[in-house]
Every structure is written in C-alpha cells, then in structure tokens.
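# Fold and contact review
Chain residues, written in single-letter form:
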Amino acid sequence: MAQSKSLIIFILAFGIFGIINTEMGVIGILPQISQQFGITVSDAGLLVSLFALAVAISGPFLPLLFSGMNRKNAMLMVIGLFVITNVISVYAPNFTVLLIARIIPAFLHPVYFSVAFTAAASSVSKDQIPKVISKVFMGVTAGMVIGTPITSFIADVMSLEASLWFFVVVNAVAFAAILAFIPSMPVKERLSYGAQLGVLKKPLVWISIVTVVFLNSSMYAVYSFFAEYLDTVTHMTGKQISLMLVLFGVTGMAGNLLAGKFLSNRAIATAIVFPFVFGVIYLLMYLLGNFTIPMTIIIALWGVLFTLGLNISQYWITSSAPEAPDFANGLFVAFANLGVTVGTLIGGMFIASMGTHHVIWSGIIFLALGFVTIMLRTSLGSKKARSKLIVTNH
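Quick summary incoming for the structure in this document. (Residues numbered from 1 in each chain as written. Predicted model: local features only at pLDDT ≥ 70, side-chain atom pairs only at ≥ 80, totals over all residues. Heavy atoms only, no water.)

Taking 1.5 Å of rise per residue, the 28 residues of helix H15 (residues 238-265) would be expected to cover 40 Å, and the 41 Å separating its terminal C-alpha atoms lies within 8% of that figure. Turning to H15, its buried residues number three or more, namely Ile241, Met244, Leu245, Phe248, Gly249, Thr251, Gly252, Gly255, Asn256, Ala259, Gly260 and Leu263. (Helix = DSSP H or I, 4+ residues; strand = E, 2+ residues; numbered from the N terminus. Expected span 1.5 Å × (residues − 1). Buried < 20%, exposed > 50% of the residue type's maximum accessible area, 1.4 Å probe, protein only.)

Below, the structure written as structure tokens:
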C-alpha cells in the first residue's frame, strides 16, 4: 500500500515536471527560436510571459470549473493537451502558431496543479499533508532548474526541433504513467461553486494571497536574472553558470524535504523566520557577489530556501481555505505566477536604473513586505483561535 502511494506521488510529481518543463524549459532555447523564426529575443520572450499570464488568469476559475471531474480524467485531459500542443510546436510553420500552441495548454496548467495537490493531500492524514505536498513540489523544482539546462543542451548538441520533441516525450511518458498506474479518483463530495467562492469572503484568504504575491516576487525579482547576475557581477563562464543552475536545483530538492518537515511541525514559525533568513542570503550575495567560491556556497543555500519559499506559499493559501482545496490550490498557482510577473518586472526596473548588482534590493523590499503580511495573518489567525476558544468555553 505504502509502495503504491509512493508511486502515485512520484507520477503526480512527474506530471508537474512535464508541465513546468514545457513552461520554463523554453527559456534555454529562446536564442534558437528567435533565429529560427527571424524575430527578436524579446519577442521570443512572449512564449514565457504570455504562458505565465494565461496561468495567472485561469488559476482562480478553471480549477473551480473542473472541481467535480474525476481527478484521473482531469489529469489525463490536461497532460494530453500538453502532448498535442507540444507536437504542434515542433511543426509550427511560424511564430504565431508556436505562440498559440503554447498559450492554449497554459490555461489548463492550474487544473493539473490543483488536482495533483488535492489528490496527494487526500491520500494521507492531515498532519502528513505538508510532507506529501513537498514531494509533489519536487516536480516544480526539477522542471524549473533541471529542465532548462537539459533543453538548452539538446538544442546545442542536436537541434531546436529535438529540444521541442523533449517536451513531447516527457509529457507523453507522464500521460502513459497516469493512464496505467493512477486509480480512478472520483470526487465523492463536490462543493458547490458558491461554497468554494465563499472562501473569498475571508480576510485570512486575502492576506494569504497578498503574502504569496510578495514572497514569489521577492524570489523571482532576483532568480529571473540568475544567469545575468553570475555573468555580470560574479564573472562566471557559461559552463560555470550552467553548473550553478544544476547546483541550485539539487539543493532545491533538499529544500523540498526540509519544507515537508518544517511545515508539518512548526508551520507558522517557519513562515515568520523565512524572510529574515532569505534576507541574510540576499545581503551576502550583495556583499560577496564578486567572489566565485563564496557565491557557490550562497547559491547552494539559495536553492534550499527558494523551494522552501514555494512550499510556504502553497501552504499559506491552502491552510487559509481548507474547506475548498481545489479552489485554494488554483488561487495559489494563479497568484504565485502573478508574483513571478511582478517580481521579474520590478527586478528588471532595478537593473535598468541601478545596475545588475543592485537587483538584490528589489528582492529584499518584497521580503520586508511579505514579513508584514505574514505577521498580519498570524495575528488575525490567533485572534480567531482565541474567539473560538471563548465561544467553546461558554
């Protein structure tokens, strides 16, 4: 039984890897795409920014729409669409077709995430939920950090077409694994749309949403310019930067495991301490960014904290609306992506006006804002707990 649960969790994570690999992997092949279609690299960047925008738009609504659907069927529908549109991408005759083939599946991205997180959570007891969610999150880490260099490597060694086929193969394997090994997962008690939307009346949910935007902005304001920072400030070579990306990804896996442990035992304390520890890492980056060896150590710690931050974000929203898990996970995916967009935009503005070295300050500002909203939510949560206790005693 435990072995079959582990296999299910692995397949759920692998499906997420396929989706995130499709979303983020294209970052490593933007120069080849711009050359292939005769467009600028900034135009090719629409493949990333419009994908994220589609996710942010559909995140609050589509998981709600599909919340009554058999979870296995929902996952097959989403991954199947990714397989089909990735095949279209391989044979796209022009950039417009490629862009459309990217945007269409992006709208269903939050549906898979929501279903996968809810399916994983429903397979264990309440106290084990953060641990199992952290394992599913490994698919995010792998897709973000390992998928990008692999895609870039395939394009360099073979061709752009071969790297696009990599997206097809990964998603096709995920589809086959879900079809063969995931049991039917009918939704036994479907909440009405009204009941799920009702969680938006809770101030706790809105404070959690704002926190997630701030935390993700704090992380992506700097991470989005990872290669630029190591190139301009640390003066690393292209190969060294690729190795740093891999190091970041490997330590990110460790961050997932730590997140499961910390959020199971001391969730609130972990969230409160997080902005301070991450802030120290950013300050060390600012002070020691010119030195290769200290930066290597800092990047290892950065990877751990980055995935810990993603896990905190997911926990922060879903724990504020446990009565509507599908909808809450959709909100997490939407507003985490909004954080990516806001953070990247503000980080880019800092670089344009002050230089790459000073991008660190944009991350620190968002961390400070995140700490304020974490404390607001903690205060609101403790007041609610006290008022419940008084009512119970009476």
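Okay, back to it.
In this section: a nonpolar patch on the surface. Where nonpolar side chains cluster on the molecular surface, the patch consists of Leu7, Phe10 and Phe181 and spans about 320 Å² of accessible area. One can find Leu7 in helix H1 (residues 2-24). Leu7 gets classed as partly exposed once you look at its relative accessible area, which sits at 37%. (Patch = residues over 30% accessible without salt bridge, like charges linked within 9 Å, V, L, I, M, F, W, Y side chains within 5 Å. Areas by Shrake-Rupley, 256 points an atom, 1.4 Å probe, with all protein chains shown as cover. Salt bridge = Lys/Arg side-chain N within 4 Å of Asp/Glu carboxyl O.)

Here the focus is the packing of aromatic side chains. For the structure shown, the criterion picks out 19 aromatic pairs. Ring centres of Tyr220 and Phe306 lie 5.3 Å apart, and the angle between their planes is 70°; this geometry places the pair in the edge-to-face category. Separated by 86 residues along the polypeptide, Tyr220 in helix H13 (residues 203-223) and Phe306 in helix H17 (residues 292-318) bring together distant segments of the chain. Note on accessibility: Tyr220 and Phe306 belong to one class, buried. (Phe/Tyr/Trp six-rings, centres within 6.5 Å; stacked < 30°, edge-to-face > 60°.)

Taken as a whole and judged by the stated rule, the model has 1 salt bridge. Between Lys202 and Glu323 there is a salt bridge, with the nearest N and O atoms lying 3.3 Å from each other. A residue pair is termed long-range when its members are at least 10 positions apart, and Lys202 in the loop between helix H12 (193-197) and H13 and Glu323 in the loop between H17 and helix H18 (325-354) qualify at 121 residues. What makes Glu323 partly exposed here is its relative accessible area of 39%.

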